[in-house]
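Residues per chain are reported as follows:
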Amino acid sequence: MWRGLVRTVVILGGLGAATGWVLTQATPLDDTALAGIDADPANGETVFTAAGCASCHAAPDAEGEAKLVLAGGQRFASDFGTFIAPNVSPHPEAGIGGWTLAEFASAVTRGVSPEGQHYYPAFPYAAYLHMTEQDVADLWAYWQTLPQDATPSEPHEVGFPFNIRRAVGVWKQLYMTDDWVMASAETDQIARGRYLVEALAHCGECHTPRDALGGLDRDAWLAGAPNPSGRGTIPSLTPDDLTWGSTEIAYYLETGFTPDFDSAGGHMVAVIANFTKLPASDREAVAAYLKALP
Amino acid sequence: MVENTFQGVTITMKHLKLAIALAALGCGTAAYAQDDFSAQLKARQGQFRIMAINLGILGGMAQGKTEYNAEAAQAAADTLVAVSMIQQAPMWPAGSDDMSIEGTRAQTTIWEQNDDFLSKWADFGTAAKAIQASAAGGQEALGPLMGQVGGACKACHDTHRAPAN
């Protein structure tokens, strides 16, 4: 009898481990994914700006045109270690110039590298997974127009146990979902705002609190959080706390001025530098979305 | 015009310069009186508040929220330039950063990268002079000029100011 029980436990344990192994696999998209999409690099530039790619992947302290050189090197401190943005310029060796569209889409929307490894979620693929296939293809088309840079990527400074990449697979099972936080968007404008806030601009990454495993607490969506890389607090954007009018929110995103003409600081400066380049209708859409939050 | 009067007295450049001179004197006497730097904090935070109030006057006109008034716009722009001329060093003594004392969001980078801090302050002065030169020339010019001033504010806050608590 005991032998039977042990055998059952071993079999169940083996099954569990096998299931875990499968569940935590990094599965790239099929090679043919996104094939046949007619890509528009001009829209790709808008996606690039709204998604804030350069804000993290440009060299530290890059200004102006230099922000388009995605050499990497910016450091992002966190509770799990320090992540260092890699070179993602179109350089064939130092950057990602040798990738296919499907590999790029796997990286951006699934957090999976061409080698089949999980990226750390400091890269906001849990937001980008909402990106439309058209936008991913357009973004990749625009990417090809960016300057190449030969600076080698630096390894992340992440210690045990967070350096076990396989564990990121568990994290993905827990926190990656196709569902929008705002389940229904009442108008087209709010839907556009939802796409900008929840997907491209990944506002929740800083404005939503995280649990012990670093996953976003979707029940406290955009309700403010401790600054992930430093002191202070990232403010709440829910209507109870952010009482600015829609035009004031849009003006802030355009100029960085609050309604009482204080000015933005910290990482929000980079966010505003992006939003100011987007059409006014996009800034208004973000305001409409924030006003529609519960 | 309400913004430019205080209890019925019109604030002129002369008054403003006098006030700045008095404020500067205040800093000098407070420096050795105590080391919580409360006088310096009031002074430097006050100068930013004066900036915000006057940017509000210009921004309201730029957005069309308030009616454009050349005289009021000029007075606000002149005030920005006046603030940009306040010497900064006495208001930023070593040890008055947010790691050392309460009540400030001034990051240690202000002291560690002081040349950068002062060069960004100088950029604000350049932007203020640009808006001073054109403020009376009509409402249309205000928007882009506000953008330039805002750019100077953000460039400095990006590095040197901690998020609010």
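Naming follows an unreviewed UniProt entry, where chain A appears as Diacylglycerol kinase of Marivita geojedonensis.

Draft legend 1. Main features of the overall build of chain B. Along chain B, the regular secondary structure elements total six helices and two strands. For chain B, the sequential pattern of α-helices and β-strands runs β-β-α-α-α-α-α-α. Of all 165 residues assigned to chain B, the portion counted as buried reaches 40%. Accessible surface, chain B: about 8,700 Å² in total, of which carbon and sulfur atoms supply 59%.

Draft legend 2. A look at the pattern of salt bridges. All names here are of chain A. In this structure the tally under the stated criterion is seven salt bridges over all chains. A salt bridge links Arg192 to Asp282, with the nearest nitrogen and oxygen atoms 2.8 Å apart. With a gap of 90 residues between them, Arg192 in helix H8 (residues 188-200) and Asp282 in helix H12 (residues 280-291) connect regions that are remote in the sequence. Looking at Arg192, the relative accessible area reads 29%, which means it is partly exposed. Residues Arg210 and Glu205 are paired through a salt bridge, measuring 3.0 Å at the closest nitrogen-oxygen approach.

Draft legend 3. The arrangement of the packing of helix H10 (residues 246-255) of chain A against H12(A) in detail. All names here are of chain A. Running from amino to carboxyl end, H10 crosses H12 at an angle of 130 degrees, the nearest separation of the two axes being 8 Å. It follows that H10 is oblique to H12 by the angle criterion. As H10 packs across H12, the resulting crossing turns out to be right-handed. Facing Ser246, Ile249, Ala250, Leu253 and Glu254 of H10, the residues of H12 in contact are Arg283, Glu284, Val286, Ala287, Leu290 and Lys291. Of the residues assigned to the contact of H10 with H12, the class counts are six nonpolar, one polar and four charged.

Draft legend 4. Focus on the layout of surface pockets. The computed volume of the second largest pocket comes to approximately 600 Å³. Along the walls of the second largest pocket sit 26 residues, with A:Asp262, B:Arg44, B:Phe48, B:His157 and B:Arg161 positioned nearest its centre. Elements that contribute at least two residues to the lining of the second largest pocket include exactly helix H2 (38-62), helix H5 (114-134) and helix H6 (142-160) of chain B. In terms of residue class, the lining of the second largest pocket is built from 14 nonpolar, six polar and six charged.

Draft legend 5. A look at the interface of chain B and chain A. Between chain B and chain A, the contact holds 23 residues from the first and 18 residues from the second. Here chain B packs against chain A, burying approximately 1,700 Å² in sum over the two surfaces, 53% of which is carbon and sulfur. By the criterion of area lost to chain A, the three top residues of chain B are B:Gln63, B:Lys154 and B:Pro163, representing 30% of everything that side buries. Across the chain B-chain A interface, the total number found is three salt bridges. In this structure, the salt-bridge partner of A:Asp262 is B:Arg161, at a minimum N-O distance of 3.1 Å. At the junction of chain B with chain A, the criterion picks out six residue pairs in polar contact (both at pLDDT 80 or more). Elements supplying a minimum of two residues to the side of chain B that touches chain A: H2 and H6 of chain B. Residue contributions to the side of chain B that touches chain A peak at seven residues, all from H6(B). Tallied by class, the residues present in the side of chain B that touches chain A amount to eight nonpolar, eight polar and seven charged.

Quick notes on the rules
Residues numbered from 1 in each chain as written. Chains lettered and ligands numbered in written order. Predicted model: local features only at pLDDT ≥ 70, side-chain atom pairs only at ≥ 80, totals over all residues. Heavy atoms only, no water. Helix = DSSP H or I, 4+ residues; strand = E, 2+ residues; numbered from the N terminus. Buried < 20%, exposed > 50% of the residue type's maximum accessible area, 1.4 Å probe, protein only. Areas by Shrake-Rupley, 256 points an atom, 1.4 Å probe, with all protein chains shown as cover. Salt bridge = Lys/Arg side-chain N within 4 Å of Asp/Glu carboxyl O. Axes fitted to C-alpha atoms, helices over the stretch in contact; angles between N-to-C directions. Parallel < 35°, antiparallel > 145°, perpendicular 65-115°, else oblique. Left-handed = near helix turned anticlockwise from the far one by under 90°. Contact = heavy atoms within 4.5 Å. Nonpolar A, V, L, I, M, F, W, Y, C, P; charged D, E, K, R; others polar. 1 Å grid on protein atoms, 1.4 Å probe; cavity = no way out; pocket = protein on both sides within 12 Å on 5 of 7 lines; lining within 4 Å. Points joined across faces, edges and corners; volume = space filled by probe spheres on them. Buried area = accessible area lost by both parts, 1.4 Å probe. Polar contact = N/O pair within 3.5 Å; in protein donor to acceptor, adjacent residues only side chain to side chain.

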